[in-house]
Amino acid sequence: MRAGMVTVAAVVLVLLAGCAAQDAGAGETTRPPSTGAAGPADGCQPVAGDAIVVLEDDLQVWPAQNVVPAIYPFAVEAPLVAALDAASASLDTQTLAALNRSVDVDGLAPGDVGAAYVADARIPVTDTGGSGPVVVGAGGTSESAVLAHIYAGVLAQAGYEPEVRVVGEREIAVPALTTGEITVVPEYTGALQAYLQSVPDPDAPGSSPAATEPTGEPVASTPEALSGLGERVGLAFGTPSPARRDLAIAVTTTFAEEHGVSTLSDLAEACRGGVILGGPPTLADRAVELPELEEAYGLTVSRYTSLDDGGPLTKSALKSGQVALGLVYTTDAALAPTG
């Protein structure tokens, strides 16, 4: 991978970390399409379609987003961690996407979906020596709510008295974890590590953020490194799950077929003149630069449309042909199957 690529990707994840999946007013940031590359001057125009599909990040620009339980450190004990780790081990990305579909497409309640999964998956909770109340936090997405109810189900089997409480975005959940207001919350490794690097170090002079000098390598690509960042602010973690919710770029299946693209490298080759990208408002002031795409793939973003964080506005804009590309998440139930 090109030096500096992962570091720049982490910056994107910091910007996305605090953006809840909610509707937002649309806006645009534009610049003239690149004239230094060969290919059509107007690049690839949006193509409307009824289904959307993720393009493979074949150069692995964005770090993995494995589901991980973030835990109030003074609540860490063997039955609690063992139950959460058992839940994590039972999940994979395909299963997580199916659970999302049950809520977002089939209309079932997250609590019912989570409880049914715990009952059907027969998650092996062998240490039942836990006791007392625990509060499981849920973020602002249906996926986080389902995961929170799965955590609650296994913790009940371990002997605890769980309560699921909606806590919202990371900026609220992390402080609530460090004070013990909540006991555990489902998180994502790459986004959380980027967020923790932006949090001021309470032990550093002037309360400065953690050192983030560009190294060209992932700064927190292992559980040990993430654990070190957590210790600095007062967090503990379970074992990351095989299940991943990665940041991704989506197009309509009609666009993919028309231009013959299935990877971001394909896209850059086919659309050298530039493309229109839609995504969270948090990227609006820098989206026309997006160096992680331009440096890694040679892809030019000629216009950025401010929509939402992988939510209904982004998907609607893709399907209606308002944007050619949309920033989404790989476990989204609205995505067409790949492969």
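Quick notes on the rules
- Residues numbered from 1 in each chain as written.
- Predicted model: local features only at pLDDT ≥ 70, side-chain atom pairs only at ≥ 80, totals over all residues.
- Heavy atoms only, no water.
- Disulfide = S-S within 2.5 Å.
- Helix = DSSP H or I, 4+ residues; strand = E, 2+ residues; numbered from the N terminus.
- Buried < 20%, exposed > 50% of the residue type's maximum accessible area, 1.4 Å probe, protein only.
- Contact = heavy atoms within 4.5 Å.
- Core = buried A, V, L, I, M, F, W, Y, C linked by side-chain atoms within 4.5 Å.
- Salt bridge = Lys/Arg side-chain N within 4 Å of Asp/Glu carboxyl O.
- pLDDT = per-residue confidence, 0-100.
- Phe/Tyr/Trp six-rings, centres within 6.5 Å; stacked < 30°, edge-to-face > 60°.
- Lys NZ or Arg CZ within 6 Å of the ring centre and 35° of its normal.
- Right-handed = clockwise from strand over helix to strand, strands pointing away.
- Lys, Arg positive; Asp, Glu negative; His and termini not counted.
- Polar contact = N/O pair within 3.5 Å; in protein donor to acceptor, adjacent residues only side chain to side chain.

- The name given to the chain in an unreviewed UniProt entry is Glycine betaine ABC transporter substrate-binding protein, and the organism recorded there is Georgenia faecalis.

As for the state of the cysteines
Phase 1 of the analysis: Overall, the coordinates contain 1 disulfide when judged by the stated rule.
Phase 2 of the analysis: In this model, Cys44 is linked to Cys271 through a disulfide, with the two sulfur atoms separated by 2.0 Å. Between Cys44 and Cys271, the S-S torsion sits near -95 degrees, and that sign places the bridge as left-handed. Of this pair, Cys44 sits in the loop between strand S1 (27-30) and strand S2 (52-55) while Cys271 sits in the loop between helix H10 (264-270) and strand S9 (275-279), placing them 227 residues apart in sequence. Taken individually, Cys44 and Cys271 each receive the classification buried, so the pair is uniform in this respect.

Thoughts on the environment of Gly298
Phase 1 of the analysis: Topologically, Gly298 is positioned in the loop between helix H11 (291-297) and strand S10 (301-306).
Phase 2 of the analysis: On the accessibility criterion, Gly298 (45% relative accessible area) is partly exposed.
Phase 3 of the analysis: In sequence terms Gly298 and Glu269 are 29 residues apart; their C-alpha atoms lie 8.3 Å from each other.
Phase 4 of the analysis: Beyond its immediate chain neighbours, meaning those up to four positions away, Gly298 contacts Ala268 and Leu293.

Details of the nonpolar core
Phase 1 of the analysis: Ranked by internal contacts, the top residues of the largest apolar core, which has 34 residues, are Ile150 and Leu155.
Phase 2 of the analysis: At the level of elements, strand S3 (67-71), helix H2 (78-90), helix H3 (93-104), helix H4 (110-121), strand S4 (133-138), helix H5 (142-157) and strand S6 (184-188) are the ones that each hand at least two residues to this core.
Phase 3 of the analysis: Counting residues per element, this core draws most heavily on H5, at 9 residues.
Phase 4 of the analysis: Non-local contacts of Leu155, meaning those with residues more than four positions away in its chain, are made with Leu80, Ala83, Leu84, Val134, Val136, Tyr160 and Val184.
Phase 5 of the analysis: Of all hydrophobic cores here, the second largest spans 28 residues; its members include Val251, Leu264, Ala324 and Tyr329.

Observations concerning the pattern of salt bridges
Phase 1 of the analysis: Counting across every chain of the model gives 5 salt bridges.
Phase 2 of the analysis: Between Arg244 and Asp246 there is a salt bridge whose closest N-O contact spans 2.5 Å.
Phase 3 of the analysis: Asp246 gets classed as buried once you look at its relative accessible area, which sits at 13%.
Phase 4 of the analysis: Across the pair Lys315 and Asp332 runs a salt bridge whose closest N-O atoms are separated by 2.8 Å.

Considering unusual backbone geometry
Phase 1 of the analysis: One non-glycine residue, Gln60, lies in the positive phi region at around 55 degrees.
Phase 2 of the analysis: Residue placement: Gln60 occurs in the loop between S2 and S3.
Phase 3 of the analysis: You can call Gln60 exposed: its relative accessible area is 56%.

Topic: the confidence of the model for the chain
Phase 1 of the analysis: Put simply, the chain has an average pLDDT of 82, and 77% of its residues get 70 or more.
Phase 2 of the analysis: In this model residues 207-220 is a low-confidence stretch, pLDDT under 50, and it forms 27 contacts with partners more than four residues away in sequence or in other chains.

A look at the packing of aromatic side chains
Phase 1 of the analysis: The final tally for this structure, using the stated rule, is 1 aromatic pair.
Phase 2 of the analysis: Positioned over the ring face of Tyr188 is Arg245, at 4.1 Å from the centre of the ring.
Phase 3 of the analysis: Taking the ring centre of Tyr329 as reference, the NZ or CZ of Arg245 above it sits at 3.9 Å.

Here we look at the pairing of S4
Phase 1 of the analysis: Within S4, 5 of the 6 residues are buried, which leaves it mostly tucked inside the rest of the structure.
Phase 2 of the analysis: The handedness of the S4 to strand S5 (residues 161-166) crossover, carried by H5, is right-handed.

Quick word on the side chain of Lys315
Phase 1 of the analysis: With respect to the helices and strands, the residue Lys315 is situated in helix H12 (residues 312-320).
Phase 2 of the analysis: The buried category is assigned to Lys315, whose relative accessible area is 17%.
Phase 3 of the analysis: Sequence-distant contacts of Lys315, defined by excluding residues within four places in its chain, comprise Ile52, Gly310, Asp332 and Ala334.

Comments concerning the side chain of Asp309
Phase 1 of the analysis: With respect to the helices and strands, Asp309 occurs in the loop between S10 and H12.
Phase 2 of the analysis: Put simply, Asp309 is tucked away with no salt bridge, and the nearest opposite charge, on Arg245, sits 5.8 Å away.
Phase 3 of the analysis: Side chain to side chain, Asp309 and Tyr329 meet in a polar contact 2.9 Å long.

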